[in-house]
Amino acid sequence: MLSPADIATLWLTFKVAGISTLFMLLFGTPLAWWLARTESRWKGICNAVVALPLVLPPTVLGFYLLVLMGPAGVIGKFTTWLGLGTLPFTFAGLVVASVLYSLPFVVQPLQTAFAMIGARPLEAAATLRASPFDTFFSIVVPLAKPGFLTAAILGFAHTVGEFGVVLMVGGNIPDKTRVVSVQIYNHVEALEYSEAHWLAGCLLLFSFSVLLVLYTALKTHPVAHQSLK
Amino acid sequence: MAFKITSFFLWALYLISASSLCNAETTLVAVASNFTKPMTEIAEAFKKTTGHSANLAFGSSGKFVSQLENGGPFEVFLSADASNPIKLEQSGLAVAGSRFTYAIGKLVLWSNKTGYVDERGQILATGGFKHLALADPKLAPYGAAAMEVIRNMKLLDTLQPLFVLGENIAQTYQFISTGNAELGFIALSQIIDNGRIASGSGWIVPNNLHIPILQDVILLKKGAENPAAPALLKFLTSPEAQAIIRKYGYDIAG
């Protein structure tokens, strides 16, 4: 069965994933909007940078974050200057790493959803003298709702499953950075297979439910269904 | 293109038959990652002396045990501890009586800053650091040894809140070398160069503060029929191999 330590890792994982998803939607929405609308020559570069975490092996990304956020790194020097100290081995550091790691899973569905709306509804709104902000919240957000749903669920689920990055940046500290994937790995390494099975079972059940909800909900939304293909 | 592929296969066939003609075999070896550097050098010497080749796979000892229990193809296993080979002996996957200690690990308290760790490890008691890195004591023998040292120095209560745990000593080394942890316990073999600590500052922990970190090798049943596998075990006890092992900061048993 699950030990209290195992349950603590589950709780911590959902906390990291939840907070990271909020930040990803916050940063990802304007970024995806810009990427969907812009004609700028920087668009290609920006798209590539956002997609990079999909290609980089997580331990490699984790290692560079460890170096960058450390006392000698650029980010580390900045956070120290702000009086926050360095980020590795902290909950905040884990959130920063997760946001960078899972961002493509939020930006890409949003970008597709925004692109599919097209220019016409926005032009119609403009002729009715709606301000850009008003247009965004009254027209774009409702039309792109399935995109937001996909982005949030994929971002959350991907953060729950992350392993390589947290292993490098986290330091395996109980209640602070020891997330469920690391705990499963530790159980397996220590040959505690039954504990590993229980925890992995919980994670599997969770992931399956998330994807099931996602795909059932999207069936009723033809637009979003398109965007997932 | 087709011609190239055919000629490649012909070459491969030629090489395979040539190698079997002169009785030089290849053995597949699972090596604990902390022994990567010395083992690479030993494998070269092994090839020169015996003509056999050792194909090396590096990884964590626990993972190798899980792989072997599920049909892993390795013929020789150089573990980072003694308990994993014993486990394989008991489950009948290894040749009984083939196990011996090929190296004894040395623990070191290390910092990447020069003059930070004193020569008696007093800094552990004085404090002034925010993070102390060690390998997870549950998984890594060097982590377990570090815990023993801390317990023996009666500093567990003050130091435990400062722990950051690496999954293995390689990761623990990264925590310290990037400066994210001010200091931590790793293997001497990771930072030794020409018999000296290459950079930063360190305290080589005396052997009486922890039980010895025995690294055992064992012949697996899959390798019993391959002459190269027992030959490698024998080669590990040769003066040539032992000199390499010592050079990388390990002790030799006996």
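You'll find the structure just up there.
This report concerns the structure included in the present document. Note that the coordinates shown come from a computational prediction; the quantities given were computed from them, not determined experimentally.

Criteria and thresholds
Residues numbered from 1 in each chain as written. Chains lettered and ligands numbered in written order. Predicted model: local features only at pLDDT ≥ 70, side-chain atom pairs only at ≥ 80, totals over all residues. Heavy atoms only, no water. Helix = DSSP H or I, 4+ residues; strand = E, 2+ residues; numbered from the N terminus. Buried < 20%, exposed > 50% of the residue type's maximum accessible area, 1.4 Å probe, protein only. Polar contact = N/O pair within 3.5 Å; in protein donor to acceptor, adjacent residues only side chain to side chain. Contact = heavy atoms within 4.5 Å. Axes fitted to C-alpha atoms, helices over the stretch in contact; angles between N-to-C directions. Parallel < 35°, antiparallel > 145°, perpendicular 65-115°, else oblique. Left-handed = near helix turned anticlockwise from the far one by under 90°. Nonpolar A, V, L, I, M, F, W, Y, C, P; charged D, E, K, R; others polar. Phe/Tyr/Trp six-rings, centres within 6.5 Å; stacked < 30°, edge-to-face > 60°. Pairing = 2+ DSSP bridges. Salt bridge = Lys/Arg side-chain N within 4 Å of Asp/Glu carboxyl O. Core = buried A, V, L, I, M, F, W, Y, C linked by side-chain atoms within 4.5 Å. Domains from an automatic or database assignment. Arc of directions from axis to C-beta.

So, the overall build of chain A
Working step 1: Within chain A, the secondary structure is distributed over twelve helices and zero strands.
Working step 2: Going from the N terminus to the C terminus, chain A shows its helices and strands as α-α-α-α-α-α-α-α-α-α-α-α.
Working step 3: Each principal axis of the C-alpha distribution contributes one length, and for chain A these read about 65 × 45 × 25 Å.
Working step 4: Per-residue burial for chain A yields a buried fraction of 43% across its 229 residues.

Concerning the side chain of B:D216
Residue and element names in this part refer to chain B.
Working step 1: Among the structural elements, D216 can be located in strand β12 (residues 213-219).
Working step 2: Separated by 2.7 Å, the side chains of D216 and T101 make a polar contact.
Working step 3: Residue contacts for D216: discarding those within four places in its chain leaves F77, L78, S79, D81, A82, P85, R99, F100, T101 and Y102.

Remarks on the packing of helix α2 (residues 36-50) of chain B against helix α11 (residues 239-247) of chain B
Helix packing for two helices is described by the angle between their axes and how far apart those axes are.
All names here are of chain B.
Working step 1: Running from amino to carboxyl end, α2 crosses α11 at an angle of 165 degrees, the nearest separation of the two axes being 10 Å. On the basis of their axis angle, the class for α2 and α11 is roughly antiparallel. α11 is crossed by α2, and the crossing has right-handed handedness. When α2 is examined against α11, the residues P38, E41, I42, A45 and T49 are found in contact with a partner set consisting of E240, A241, I244, I245 and K247.
Working step 2: Grouping the amino acids of the contact of α2 with α11 by side-chain chemistry returns six nonpolar, one polar and three charged.

Here we look at the packing of aromatic side chains
Working step 1: A full pass over the atoms with the stated rule returns 19 aromatic pairs over all chains.
Working step 2: Taking the centre distance of 5.3 Å and the plane angle of 80 degrees together, the rings of A:W33 and A:F136 count as edge-to-face. Of the two residues, A:W33 sits in helix α1 (residues 4-37) while A:F136 sits in helix α7 (residues 132-143), which places them 103 residues apart along the sequence.
Working step 3: Judged by centre distance (6.0 Å) and plane angle (70 degrees), the ring pair of B:F64 and B:F77 falls under edge-to-face. Of this pair, B:F64 sits in helix α3 (residues 61-69) while B:F77 is found in strand β3 (residues 76-78), placing the two residues 13 residues apart along the sequence.

Re the environment of A:V166
All names here are of chain A.
Working step 1: Among the secondary structure elements, V166 is positioned in helix α9 (residues 164-170).
Working step 2: Taking the relative accessible area as the measure of exposure, V166 reaches 4% and is therefore buried.
Working step 3: Each C-alpha atom, one on V166 and one on P88, is 9.5 Å from the other, the two residues being 78 residues apart in sequence.

Brief notes about the side chain of A:T177
Working step 1: Along the chain, A:T177 turns up in the loop between α9 and α10 (180-189).
Working step 2: A distance of 2.8 Å separates a polar side-chain atom of A:T177 from the backbone oxygen of A:G170.

A look at the sheet that holds strand β8 (residues 183-187) of chain B
Paired through backbone hydrogen bonds, the strands of a sheet run either parallel or antiparallel to each other.
Residues and elements named next belong to chain B.
Working step 1: Ordered by their spatial adjacency, five strands build an open sheet running β7-β6-β8-β5-β11, and the pairing between neighbours is mixed. Taken across any chain shown, the strands that pair with only one partner, and hence form the sheet edges, are β7 (163-166) and β11 (201-204). Neighbour to neighbour, the strand axes of the sheet diverge by 30 degrees on average, direction disregarded.
Working step 2: Bridge count for strand β6 (residues 132-135) against β8 is two bridges, and the pairing is parallel. Paired with L132 across the strands is L183, a residue of β8.

Digging into the interface of chain B and chain A
Many analyses report the size of an interface as the accessible area lost when the parts associate.
Working step 1: Tallying the contact residues gives 23 residues for chain B and 22 residues for chain A.
Working step 2: Connecting chain B to chain A are one salt bridge.
Working step 3: Linking A:E192 and B:K138 is a salt bridge whose minimum nitrogen-to-oxygen distance equals 3.4 Å.
Working step 4: Where chain B packs against chain A, one counts eight residue pairs in polar contact (both at pLDDT 80 or more).

What about the nonpolar core?
Working step 1: Judged by nonpolar contacts, the single largest core of 55 residues is most densely connected at B:F35, B:L78, B:L132 and B:F185.
Working step 2: Per-element tally for this core: the top contributor is helix α6 (residues 141-152) of chain B, with six residues.
Working step 3: Counting contributing residues, this core receives three or more from each of domain 1 (2-104 + 213-247) and domain 2 (107-204) of chain B.
Working step 4: Among the nonpolar cores identified, the runner-up in size contains 20 residues, and A:L110, A:F114, A:L122 and A:A151 belong to it.

What about helix α4 (residues 83-90) of chain B?
All names here are of chain B.
Working step 1: For α4, the set of buried residues is N84, P85 and L88. For α4, the buried positions fall inside an angular range of 100 degrees around the axis, keeping them on one side.
Working step 2: Its buried side turned inward, α4 meets α3, β3 and β12.
Working step 3: Positioned one or two residues after α4, G92 has a phi angle of 80 degrees, which is positive.

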